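Residue-level structure breakdown
So you can see what is in the structure, the chains are spelled out below.
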4 protein chains.
Amino acid sequence: MSGNSFGQAFRVTTYGESHGLAVGATVDGCPAGLPLTEEEVQLELDRRKPGTSDLVSGRKEEDKVRILSGVFEGKTTGTPISMIVYNLDVDSSSYEALINRPRPGHADLTYALKYGRRDHRGGGRSSGRETVGRVMGGAVAKKLLFHTHGIQIAGHTLQIGRVKAPAPPDFDAVVKAQRNAVRCANEAKAMEMVQEIRAAAECGDSVGGIAEVIARGVPPGVGEPVFDKLDAEIGRALFSIGSVKGVEFGAGFGVADLRGSQSNDPIANVDGSPRLLTNRAGGILGGISTGNDIVVRFAVKPTPSISVVQQTLDMVTMEDVEIRVAGRHDPCIVPRIIPVAEAMVAMVLADLMIRGGFIGPSRI
Amino acid sequence: MSGNSFGQAFRVTTYGESHGLAVGATVDGCPAGLPLTEEEVQLELDRRKPGTSDLVSGRKEEDKVRILSGVFEGKTTGTPISMIVYNLDVDSSSYEALINRPRPGHADLTYALKYGRRDHRGGGRSSGRETVGRVMGGAVAKKLLFHTHGIQIAGHTLQIGRVKAPAPPDFDAVVKAQRNAVRCANEAKAMEMVQEIRAAAECGDSVGGIAEVIARGVPPGVGEPVFDKLDAEIGRALFSIGSVKGVEFGAGFGVADLRGSQSNDPIANVDGSPRLLTNRAGGILGGISTGNDIVVRFAVKPTPSISVVQQTLDMVTMEDVEIRVAGRHDPCIVPRIIPVAEAMVAMVLADLMIRGGFIGPSRI
Amino acid sequence: MSGNSFGQAFRVTTYGESHGLAVGATVDGCPAGLPLTEEEVQLELDRRKPGTSDLVSGRKEEDKVRILSGVFEGKTTGTPISMIVYNLDVDSSSYEALINRPRPGHADLTYALKYGRRDHRGGGRSSGRETVGRVMGGAVAKKLLFHTHGIQIAGHTLQIGRVKAPAPPDFDAVVKAQRNAVRCANEAKAMEMVQEIRAAAECGDSVGGIAEVIARGVPPGVGEPVFDKLDAEIGRALFSIGSVKGVEFGAGFGVADLRGSQSNDPIANVDGSPRLLTNRAGGILGGISTGNDIVVRFAVKPTPSISVVQQTLDMVTMEDVEIRVAGRHDPCIVPRIIPVAEAMVAMVLADLMIRGGFIGPSRI
Amino acid sequence: MSGNSFGQAFRVTTYGESHGLAVGATVDGCPAGLPLTEEEVQLELDRRKPGTSDLVSGRKEEDKVRILSGVFEGKTTGTPISMIVYNLDVDSSSYEALINRPRPGHADLTYALKYGRRDHRGGGRSSGRETVGRVMGGAVAKKLLFHTHGIQIAGHTLQIGRVKAPAPPDFDAVVKAQRNAVRCANEAKAMEMVQEIRAAAECGDSVGGIAEVIARGVPPGVGEPVFDKLDAEIGRALFSIGSVKGVEFGAGFGVADLRGSQSNDPIANVDGSPRLLTNRAGGILGGISTGNDIVVRFAVKPTPSISVVQQTLDMVTMEDVEIRVAGRHDPCIVPRIIPVAEAMVAMVLADLMIRGGFIGPSRI
C-alpha cells in the first residue's frame, strides 16, 4: 500500500521495473528558482551506471535522463519535477528459467508471497535498477542543499570483504575517493579491495562491505523530534536500500564499549558559536543536527546473485531444487550503492530542512 | 513541524514533558473488537518504570495509566484510544543550575538552537520520560499482534560495557531474560553486567550496551517496498529512541565479512510452505518479512547524565564552563530501553500489517 | 484507519466519546514562542458550549480545558500541545432504549456497520461533542494566525429554516454577530430566526440553515496546488463537520448563472500591490489565496435528533420499528457549529501557512 | 510544499505543464492482479480530450497514453503504475503577450506571487491540462472499483448558464448522458444548453454550470471519521479541480429549508439488510457510506479565458491595463470537467475502500 514515495515536504515518488519500459522519479516540493539541468542529474546517474568496469554488471545502460516537467528556462518552478530514463539494454532471457524458482538472498520469494504475481524479469521492481529513480531524486536534493547552504555529501568505502581501510584523513580525501573503482579513499587498500572482489568473482561468488556517507555543512537544528529525528529518517532511508543490513552514526556500535565520559562530546564556544569539540555523536543529538559533520556508516551484504550452486524451491512443484543464477551481476555492489546512499541522505536533508524552515518551501 | 506521530494506519501520537503535568499517547487506527484493559497497558509501563532497583533512576513514578477513550465494555471501538499518565514525582530543582548550560550528550543544546526556548526541567520533551507514550502505544500494538496472529515480541541484552553475552539458545530464553535486572538471557553474564554497571556508577560514570529484539510469528509478506520496507520502518523506529546509535538486522555488520554463498539463506519446502532454512537475513528480504523471526540489534550509548566533570558552554555568557550533572539518573539505560524498543517494533508491525491487509483496519 | 488527525504541518489529533471519560486534542507542529493560556482556549470552548440558552442542548458541561504539555512559562515550546476536557454531565440513560435502533439522520447505523460495535452512549465518537477537540485545536491555530499575521476569522448565520438574512455590511458586523443567540449580523432577522427555531422545537422538530466564515488578513500565496489547494483543504475541513451538506466559496453555486465577464475579478494596482477589485472568487484563485477575504459558506442540516416519530430498524430483530429520540438536543445547531467551522478554517490556514513558509515551523 | 499527490492508500501523483514535454501520473497502491490495458485508460482520456466539437477548445491533442510500469502480462503487479502523455499540439505564441499581465479569473497572479516565477505558456501547471493526470489515475481507480465491487461512477450536467435540466429518471439515463455534447441526460435541455454556450461564445464570453456525479454500488462502511470522512474527501477532491466553486451532497444547500423530520432518511429492512428508504443524505451518514448512491453536485465557474476586454495589471510597469485573452478556449468547461470529477470521486473511493479493508491492499 503506497510505499513508493519518500519524504513529506520534499517528496520523491519513484516507479519502474528493471526490464520494463522505463524507470522514473517525480520530485514534489522542490522550491522555485533552483537552477537545474539534465546534465547535473546525468552526472549523478553516471556514478551509479553499470558497465563501467569489470567489477560491475556488464549491462550497458546509457541511462540518459530526460526532465519532463517542473523546470522552465533553466530553473525550477515549484511544480513537480518528473524525470525519466528509458530502459534500453534489456535481456530477460536468463530469468525465464527462474520464474518459479526464487533466488536466495533476493526478494523473489517475498514478492511472490506478498503480491501473488510479479514481473520476474531482471528482478522487476525489487531490482537494484529501481535506485535510478532515487539517484535522480537525490540529484535534485543535492543541488538544492549545495545551492542554498553549500552542503556537500560524499560517500566512500571502508571495507570490502576482509579488506578494511582506515578512516580518511579529511573530507577532501573522501571526495577524492570517487576516483577509483571501489571508491576507497586509501589507494593501497583500494587495490586490495579490487583483488578481493576479483577473487570472489572468479569463484562465481560475491562480497559485501561497509561504506560511509558524510554530509558537511548542515546547520544546527535540522530534524523533527520525537519520531522524525534526523538519524531516524536517515536510518530509514538507508535501510530502504535493498542490500543494507546495518546502519550506525558516529561512534555507532562502538558506544557499547565506551563510558559516558568517553562518549559525550564536550561543548565549547568556537568562533562565537556553541560547537561540539568531538563528533562521537555523528553530528546529531536528540535527533537534531549539531552543526558537525553528519557521519553515517552502513553494511552492504554480498550480491545475492551468484553462479555458485544454491538450494531453493520450485514454487510450482514445491520440490527442493538447486540453481545457478546466470546473468550480468556485480560481484560487489558497495561502490555502486554509494551514490544511492548519498542520494538518500540528500533527500532526507532536503525534506527536513524544508520542514524545519531552513529552505523556503515555495521559492529560494 | 509535526514529528510526534508514528505510523500511518496504526498511528501513535505522543505528548508530554518530563516535568510537565502529564505524558500521553493517542492510538489512532486500532481496529474495533480488540479486548483491552488498563492492566495490560500497565504491565508494559511497569517494565520501563524507574525506581525499581539501584541500577536505575531513583525517580519514583507510579506511572499509573488511564485509558480515556476508544474502549467500551472492555473492547476497542475503532475510535482513537487515548491514554494518560500524570507526572507525580517531579523534582526540577537540580536542573535550575543547568538552564543555560547544555549537558553534553543530551539534546539541550540542539533543542535550544532549534526552538529558541525549551522546558529545561528534567530534559523536557527530550527526556527519556517521553518513552512512556511509546510504551503505551506499543502495549496496544503488542496486544493487537498477539490477539490476531499470536505474534510475540521480546528483547534482551547482549552486551553492557565490556561484558558480552552469547546469543540465547531459543526464544523461550529470550522471554525469560526479562526476569533479571539487566534483561540478559545468560544468568552468569547478567551478574557480570550488574558489576559493570556498578563499577561505572561508583565513578559517577555510565555504560552503554547492545540489545536485541526478536519478533516471532510474523507472517510472510509484511512490509511496503520500496521505501516503507519492514527493515526501513523498524530502523527508523529504533533510531527515533534517544540513545540508539546503531541498528542491524540478522547478520548485520557481519555481512561485510561474508561471501554471497555464505550470506544467502537457502530456501526449501518446510511442511508444505516455502521457508528460509537459515536466518542471516533477519527475517526480511526485499523489505518484506519471510516468515522467519524478525531479528534486530541496536547499540545504546552510555547515559549522558554523569556526575563526572564535563566541559560545556554557558549560553548566556558564552564562556566555556565545567559542569557536573546532578539528579537521579540510570548509570545504564539498556535494560529500560528494551521495553521501549519492543514497543517500537510492535508499532511498526501493527502499522504495516494493517497496511498490508493482514489485520482488518476497522474491526478484527 | 487513522482518520482522527487533521493537517500535515500543524496537525491536530482528537479523541474522545460523548459519554466517555474525556475529550481532547493534541496539536503537533505549533512553533515555539507563541504566548498561549488556558483562558484563551477556554474562550473558544465557551462559544460552542451547550446549556447557554433554550435554543441549545440542556446538557450542562463546564467544558474546562487543561493544557497538559507544550506550553512553558506562558509560551509554546514547539512540542505537542495536549489539551483535555473531562466529561462531567453524562446521562446515558435515554440512549439505552436505542442501542439496537439506529436513529435516522445519525451515524448510528453506519458506525455499527463499519465497526461492528460502538459506544452508543450519547452518540459516542460521532456525537457533536467530538468537536470540543476541534475547537481546542482551532483556538491554538487562531492565536497563531492572529499573533503572527493579524488574521481574524469570524462566522455568522445567513439562514435558519426559511428565514434569510442579508449579507452583513462589513467585517465588524460579522464580528458583532457573535453577540446574539443565533449569531446573525442582522438583529431583526436574528429575532425571526429565534422564532423559527422555537416553532420547530415546539413540534419536537428541528431546523437547518446556512452560515458563512470569513478570514481577513490572509496574505497572498497560501495554498498548495494541485491537490492541497486552499479551497480544497477548507472544503474538506468543513465537510468533516457532522452536519454540513454543502460548501461554497465566493459566488459559489451562483457562478452557474454568470458569464465569464461577470465572474472574473478585475486585477489592479492598489497601493502598489496587485489586488482583485471584487471578490467573486472568495479570496482564492487556482487554490492559492489572493489577499482578499476568504469567504466560505456552508449548509447545516436540521439536527437529526427529534422527538417526532420516525421509522427505523431494530438491528437485533431486523423488524421495522418506530422511535422517538429523547434526550437533550439542540433544535438548531447552526449557531454552535460556527465556532467549530471557524476552528477548522483556522487549522487549515495554520497548516498551509506553515507549509508555505509564511509561519516559521520551529519558532516564531 | 508537495501538494501534487492525492490519497494515502491509493495515491496518485501527477506532474506536467500545459506546454511542457509531457503530463503524467503515477498510481501507487493499486493492488496486484487487476487486469489493465492502455486502451481502458485511453477511453477515459478521450472523454476529456479537447478538439472534439465546436463547443470545446480547438487544441488538437491526440493524448495517447503509455503505461510505463506496474503492469505485466496485462495485470497490475502491486508496484507503481506510471502513465505518460506527451504534449504534441503546443502553441505558446498567444501567451507571450500576457507574460506579465495576469489573466483575471486565472491563477496567473497567485502563482506569480507564490513562486516568484512560473511557466506562463498555456497556463503552465495551473492549466486544465493538468487534469490529464487525474483522469489517468481515475481510470485505474474506476477499473479497480468496478472489477472488485461492480461500482459504477457517472456524471451529468444539470445546468449550463440559465438552462436547468431536471434530475434524470434513473442511473441508466445518467450513463446515457455521456452521448451528447453537453452530457445532459435531458435531450431537449441539452440542445438548449448548446445554444446557451454558443450565445456566450459569439460574444467572446463564457458560461458556467452545475454538474452531478453519482457512484452506484458503494458498500456501506466506506469513510474514515472524524476527519477523513467520505464526504470530506470527496469535497476536497472536487474543490481541487480548478473551476469548482461549490459542492453539495444529497439535499445539499436545500437542507436549510427542511425540518429534521423532512431531512432524516427513514431506515428499514430491505431484503434482509438495513437500508435508507430515501437518500437526502446523498449516500453518506457520519462520513460513512450508507450503501445508497453517493450523490454529489458541484458548481463550475465560467471559463475565465474570454476575448471580452478585461482589466488587469502589468506586473512590470505596475500600470493598470486592458487585455483580451486570445488562444483556443472552451466557452464552457462543464462537460469536460465531468470525467475529471468522476476520476476524483473514483480516486477517493479507491483510497478509502483500501483503507477500510474493502479492497485488499496488496492483491485482489
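No experiment lies behind these values; they were computed from the predicted model shown. (Residues numbered from 1 in each chain as written. Chains lettered and ligands numbered in written order. Predicted model: local features only at pLDDT ≥ 70, side-chain atom pairs only at ≥ 80, totals over all residues.)

Under the fitted operation, chain D is carried onto chain C by 0.0 Å of movement along the axis and a turn of 180°, and the coordinates agree to an RMSD of 0.0 Å. Such a combination of rotation and displacement between the chain copies is what one expects of a two-fold axis. Judged by C-alpha distance, Arg236(D) is the residue of chain D that lies nearest the rotation axis, at 2.3 Å. When the interface residues of chain D are mapped onto chain C, 99% of them again lie at the interface, so the same face is used by both copies. (Least-squares fit on C-alpha atoms with pLDDT ≥ 70 in both. Contact = placed C-beta atoms within 7 Å.)

Quick look at the nonpolar core now. Leu349(A), Val345(B), Leu349(B), Leu349(C), Val345(D) and Leu349(D) are the most contacted members of the largest nonpolar core, which has 455 residues in total. When near neighbours in sequence (up to four residues on either side) are disregarded, Leu349(D) contacts Ala141(D), Leu145(D), Ile151(D), Ala215(D), Val218(D) and Val222(D). (Core = buried A, V, L, I, M, F, W, Y, C linked by C-beta atoms within 7 Å. Buried ≥ 20, exposed ≤ 12 C-beta atoms within 10 Å, placed from the backbone.)

Rotating chain B by 180° about the axis while translating it 0.0 Å along that axis superimposes it on chain A, leaving an RMSD of 0.0 Å. The residues that chain B uses at the interface reappear at the interface of chain A in 100% of cases, marking a shared surface.

Of all ten residues in helix H7 (residues 230–239) of chain D, ten are buried, a share of seventy percent or more. Within H7(D) the residues assigned to the buried category are Leu230(D), Asp231(D), Ala232(D), Glu233(D), Ile234(D), Gly235(D), Arg236(D), Ala237(D), Leu238(D) and Phe239(D). (Helix = DSSP H or I, 4+ residues; strand = E, 2+ residues; numbered from the N terminus.)

Where the parts come together, the accessible area they lose is often given as the size of the interface. The interface is formed by 90 residues belonging to chain D together with 89 residues belonging to chain C. When residues of the side of chain D that touches chain C are traced back to their parent elements, those giving at least two are strand S1 (5–6), helix H3 (108–115), strand S10 (209–216), H7, strand S11 (244–249), helix H8 (260–263), strand S12 (267–270) and strand S17 (310–313) of chain D. If you tally residues by element for the side of chain D that touches chain C, the top one is H7(D), at six residues. Considering only residue class, the side of chain D that touches chain C consists of 38 nonpolar, 32 polar and 20 charged. Where strand S11 (residues 244–249) of chain C meets S11(D), three bridges bridge the pair, whose relative direction is antiparallel. Counterpart to Val247(C) in the pairing with S11(D) is Val247(D). (Nonpolar A, V, L, I, M, F, W, Y, C, P; charged D, E, K, R; others polar. Pairing = 2+ DSSP bridges.)

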